[in-house]
Amino acid sequence: ISKGLQQRSEAIQKAIAWYNFQAGRLDPLWPPVLWKDIVQYSFLGEFNLLQHVQGDVQGHMWAKPA
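What this report covers is the structure whose coordinates are included nearby. (Residues numbered from 1 in each chain as written. Predicted model: local features only at pLDDT ≥ 70, side-chain atom pairs only at ≥ 80, totals over all residues. Heavy atoms only, no water.)

Turning our attention to the overall build of the protein chain. Each helix and strand counted, the protein chain has three helices and zero strands in total. In sequence order, the protein chain lays out its α and β elements as α-α-α. In the protein chain, buried positions account for 18% of the 66 residues. Sequence-distant contacts, at least 24 apart, represent 36% of the contacts inside the protein chain between residues at least 6 apart. When the accessible surface of the protein chain is totalled, it reaches about 5,500 Å², and 58% of it is carbon and sulfur. (Helix = DSSP H or I, 4+ residues; strand = E, 2+ residues; numbered from the N terminus. Buried < 20%, exposed > 50% of the residue type's maximum accessible area, 1.4 Å probe, protein only. Contact = heavy atoms within 4.5 Å. Areas by Shrake-Rupley, 256 points an atom, 1.4 Å probe, with all protein chains shown as cover.)

On to the nonpolar core, then. Counting six residues, the largest nonpolar core is built from Ile12, Ile16, Tyr19, Ala23, Val33 and Ile38. Considering every element that reaches this core, the biggest residue donor is helix α2 (residues 9–23), with four residues. (Core = buried A, V, L, I, M, F, W, Y, C linked by side-chain atoms within 4.5 Å.)

Right, let's get into α2. Over its 15 residues, α2 extends 20 Å from the first C-alpha to the last, a length consistent with the 21 Å expected when each residue adds 1.5 Å. Among the residues of α2, Ile12, Ile16, Tyr19 and Ala23 are the ones counted as buried. Along α2, the residues classed as buried sweep out an arc of 65 degrees about the axis, all on the same side. Among the exposed residues of α2, those oriented more than 90 degrees off its buried face are Glu10, Ala11, Lys14 and Trp18. (Expected span 1.5 Å × (residues − 1). Arc of directions from axis to C-beta.)

Structure follows, in structure tokens:
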């Protein structure tokens, strides 16, 4: 996953910024996601925010190994 994070870092950082913007608008507020935390993840199972998505994320291209 770390290789994929490096290859897609700009897109991931934009997604983090969008997530943090939206999380700040929720009531109750959701905690922000930080880039330094994301780069430490080694498995998709560590992404707690993925448990809140609708649908199966494993079918998306970005969920497949690089």
